[in-house]
Amino acid sequence: MIPTPTTSHLSAADFESVYEPAEDTFILLDALEQDAELLKGSRLVLEIGSGSGCVSAFLGAICGPSSALYLCTDLNPHAARCTALTGQSNSVPLDPVLTDLTSALHPRLEHAVDLLVFNPPYVETDDAEAFDAQEDGVIERAWAGGIGGMRVTNRLLEQVETLLSPRGIFYLVAVPENKPLQIIEDMKARGLHGEITLKRRAGREHLHILRFSRPAESHTAVDDPTP
Ligand SMILES: C[S@@+](CC[C@H](N)C(=O)[O-])C[C@H]1O[C@@H](n2cnc3c(N)ncnc32)[C@H](O)[C@@H]1O
């Protein structure tokens with residue numbers, strides 16, 4: 001069992017402005033641990049919305065702290081600071097980048113990301129609330145997802161296929177309001193195969209972990225240049 005990274009260096013005051021690891025974080029860790037063998041060998045790891053940095057530090061334990069480049073983005077400057085500290089406390093070199101989704105990194109990461117992870121603001125709110133949270137919220141940015149809880153996620157879904165390397169895998173946290181099966185269907189039209197790898201009820205939330213990759217035949221075609 002891979003231990004949950006320590007966040008004991010972060011204070012209650014930090015968690016007033018940065019998302020504290022919760023059930024959605026922990027189901028994501030469990031799904032990643034379940035796939036650990038598949039994920040080893042990833043060389044470029046990108047977490048969107050890294051918050052405390054707990055998930056990226058866990059990915060460092062799976063893939064090896066010095067075996068991959070760990071990029072982490074967040075819109076929240078407090079999150080970027082906490083992510084860096086969590087990297088140091090867990091001996092994983094995390095590189096936080098303060099940006100909207102992948103804005104500061106795209107297109108340098110085109111077809112380069114081996115492992116992409118997003119635990120997004122997935123809670124259904126009205127669009128104005130999600131918009132305000134994205135513009136100048138702090139902790140609200142962690143959860144306010146707008147109509148269907150999909151306003152932020154949808155913007156990332158448009159980029160996933162161009163971000164993933166030929167072997168790339170993408171993990172997404174979702175709840176039923178986000179329509180996980182519809183997400184899988186929509187991503188199929190974008191050339192990615194998706195499935196639900198883990199489900200768990202946590203209080204009122206019914207959490208799902210979705211995993212996407214290129215279909216096996218296209219993976220072989222891209223990896224193997226021989227006819
Ligand atoms: C549900 S929290 C997840 C935090 C952490 N990854 C975890 O699992 O505990 C969502 C995170 O996404 C960040 N976020 C929201 N909108 C974003 C955006 N447009 N670009 C980058 N990060 C964003 C929030 O600031 C927050 O840290």
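Now for a quick tour of the structure. Worth saying up front: this structure is predicted, and the values here are computed from it rather than measured. (Residues numbered from 1 in each chain as written. Predicted model: local features only at pLDDT ≥ 70, side-chain atom pairs only at ≥ 80, totals over all residues. Heavy atoms only, no water.)

1. Some details on unusual backbone geometry
- Cis rather than trans, the peptide bond between histidine 106 and proline 107 has omega equal to 5°.
- Here proline 107 is to be found in the loop between strand S3 (94-98) and strand S4 (113-118).
- Phi angles above zero are rare outside glycine, and histidine 111 is one such case at about 55°.
- Located in the positive-phi region is lysine 179, a residue other than glycine, with phi close to 60°.
- The topology assignment puts lysine 179 in the loop between strand S5 (164-174) and helix H8 (180-189). (Helix = DSSP H or I, 4+ residues; strand = E, 2+ residues; numbered from the N terminus.)

2. Re the site of the ligand
- Near the ligand lie 21 residues; those nearest to it are Thr25, Glu47, Gly49, Asp74 and Asp100.
- A distance of 2.7 Å separates a nitrogen atom of the ligand from a polar side-chain atom of aspartate 100.
- Leucine 101 places a polar main-chain atom, nitrogen or oxygen, 2.8 Å from a nitrogen atom of the ligand.
- In terms of residue class, the shell around the ligand is made up of eight nonpolar, eight polar and five charged. (Near = heavy atom within 4 Å. Polar contact = N/O pair within 3.5 Å; in protein donor to acceptor, adjacent residues only side chain to side chain. Nonpolar A, V, L, I, M, F, W, Y, C, P; charged D, E, K, R; others polar.)

3. Overview of the sheet that holds strand S6 (residues 193-202)
- The strand order across the open sheet built from seven strands is S3-S2-S1-S4-S5-S7-S6, with neighbouring strands paired in mixed fashion. A strand with exactly one partner marks an edge of an open sheet, and here the two such strands are S3 and S6. Within this sheet the neighbouring strands show an average axis-to-axis angle of 15°, counted without direction.
- Where strand S1 (residues 44-48) lies against S4, four bridges are found, and the strand directions are parallel. Among the inter-strand pairings, isoleucine 48 is bridged to a residue of S4, identified as phenylalanine 118.
- Docked against the sheet, helix H5 (residues 77-89) engages strand S2 (69-74) and S3, running at close to 175° with respect to S3.
- The strands touched by H8 within the sheet are S5, S6 and strand S7 (205-213), with S7 carrying the most contacts at an inclination of about 15°. (Pairing = 2+ DSSP bridges. Axes fitted to C-alpha atoms, helices over the stretch in contact; angles between N-to-C directions. Contact = heavy atoms within 4.5 Å.)

Keep in mind that these numbers describe shape and distance, not what the molecule does.
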